[in-house]
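Residue strings, one per chain:
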Amino acid sequence: ITSKEFYEEYWEQEALLIQQSSSKHRHRFDGLLSKAQIQTMIAKNSMYYGRDLNVTRYELDKHGVKRRVTLDLVASTNGVVDDNDGEENGEGSANFVQADGDVVWDHYKQGCTIRLLCPHKHASQI
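Residues numbered from 1 in each chain as written. Predicted model: local features only at pLDDT ≥ 70, side-chain atom pairs only at ≥ 80, totals over all residues. Heavy atoms only, no water.

A few points about the packing of helix α3 (residues 35–44) against helix α4 (residues 101–109)
Their axes nearest at 9 Å, the elements α3 and α4 cross at an angle of 150°. Taken as a pair, α3 and α4 cross one another with a handedness that is right-handed. Contacts from K35, I38, Q39 and I42 in α3 reach G101, V104, W105 and Y108 in α4. Here the contact of α3 with α4 is composed, by residue class, of five nonpolar, two polar and one charged. (Axes fitted to C-alpha atoms, helices over the stretch in contact; angles between N-to-C directions. Helix = DSSP H or I, 4+ residues; strand = E, 2+ residues; numbered from the N terminus. Left-handed = near helix turned anticlockwise from the far one by under 90°. Contact = heavy atoms within 4.5 Å. Nonpolar A, V, L, I, M, F, W, Y, C, P; charged D, E, K, R; others polar.)

A word on the packing of aromatic side chains
Evaluated as defined, the whole model comprises four aromatic pairs. Among the aromatic residues, ring-to-ring pairing joins F6, Y7 and W11 into one connected group. (Phe/Tyr/Trp six-rings, centres within 6.5 Å; stacked < 30°, edge-to-face > 60°.)

Here we look at the sheet that holds strand β5 (residues 113–116)
In space, the three strands of this open sheet follow the order β2-β1-β5, with antiparallel pairing throughout. One side of each edge strand has no neighbouring strand; the edge strands of this open sheet are β2 (66–70) and β5. When the angles between neighbouring strand axes are averaged without regard to direction, this sheet yields 40°. When strand β1 (residues 53–60) meets β5, the two strands line up antiparallel, connected through four bridges. Bridge pairing in β5 places N54 opposite R115. (Pairing = 2+ DSSP bridges.)

Digging into a nonpolar patch on the surface
Where nonpolar side chains cluster on the molecular surface, the patch consists of I1, L16 and I18 and spans about 280 Å² of accessible area. Following the sequence through the fold, L16 ends up in the loop between α1 (3–9) and α2 (23–26). (Patch = residues over 30% accessible without salt bridge, like charges linked within 9 Å, V, L, I, M, F, W, Y side chains within 5 Å. Areas by Shrake-Rupley, 256 points an atom, 1.4 Å probe, with all protein chains shown as cover. Salt bridge = Lys/Arg side-chain N within 4 Å of Asp/Glu carboxyl O.)

Topic: α4
Where α4 begins, the side chain of D100 points an oxygen toward the backbone nitrogen of D102, at a separation of 2.8 Å. Backbone geometry just downstream of α4 places G111 in the positive-phi region, at approximately 100°. (Polar contact = N/O pair within 3.5 Å; in protein donor to acceptor, adjacent residues only side chain to side chain.)

Description of α3
Residues I38, M41 and I42 constitute the buried set of α3. Buried residues of α3 fall within an arc of 95° about the axis and therefore sit on the same side. Turned more than 90 degrees away from the buried face of α3 sit A43 and K44, all of them exposed. Its buried side turned inward, α3 meets β1, α4 and β5. (Buried < 20%, exposed > 50% of the residue type's maximum accessible area, 1.4 Å probe, protein only. Arc of directions from axis to C-beta.)

Re the environment of V104
Looking at where V104 falls in the secondary structure, it is placed in helix α4. Here V104 falls in the buried class, since its relative accessible area comes to 0%. For V104 and V55, which are 49 residues apart along the polypeptide, the C-alpha to C-alpha distance reads 7.0 Å. Setting aside residues no more than four positions away along its own chain, V104 makes contact with I42, Y49, L53, V55, A99 and I114.

The analysis is restricted to geometry; functional conclusions fall outside its scope.
Here it is as structure tokens:
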């Protein structure tokens, strides 16, 4: 499909599905960032919840809607580390808590997702 055809026939008019079944497409991100590289990144760098990474999972709310829950540790205003109670914190707090690799990977083993917010800061291949 040409860009002209796309804009004339599909742009904001109709859905367009382009399937890529080639082996090249399926493997385009292989080797970019492995689990082992992420573990090393967390172990060797000072990474902070909310600045460098998030630990999240999805849960159904009381209406049956799937919502992302963030499990990051946050520093409270009195300087004591507290958990985020699953609430997204929109406040621009500069008091980030350093992530402990063992705690991060325990959450991962329990089915949580590790979201890297700025992986390019800690991995030269990105």
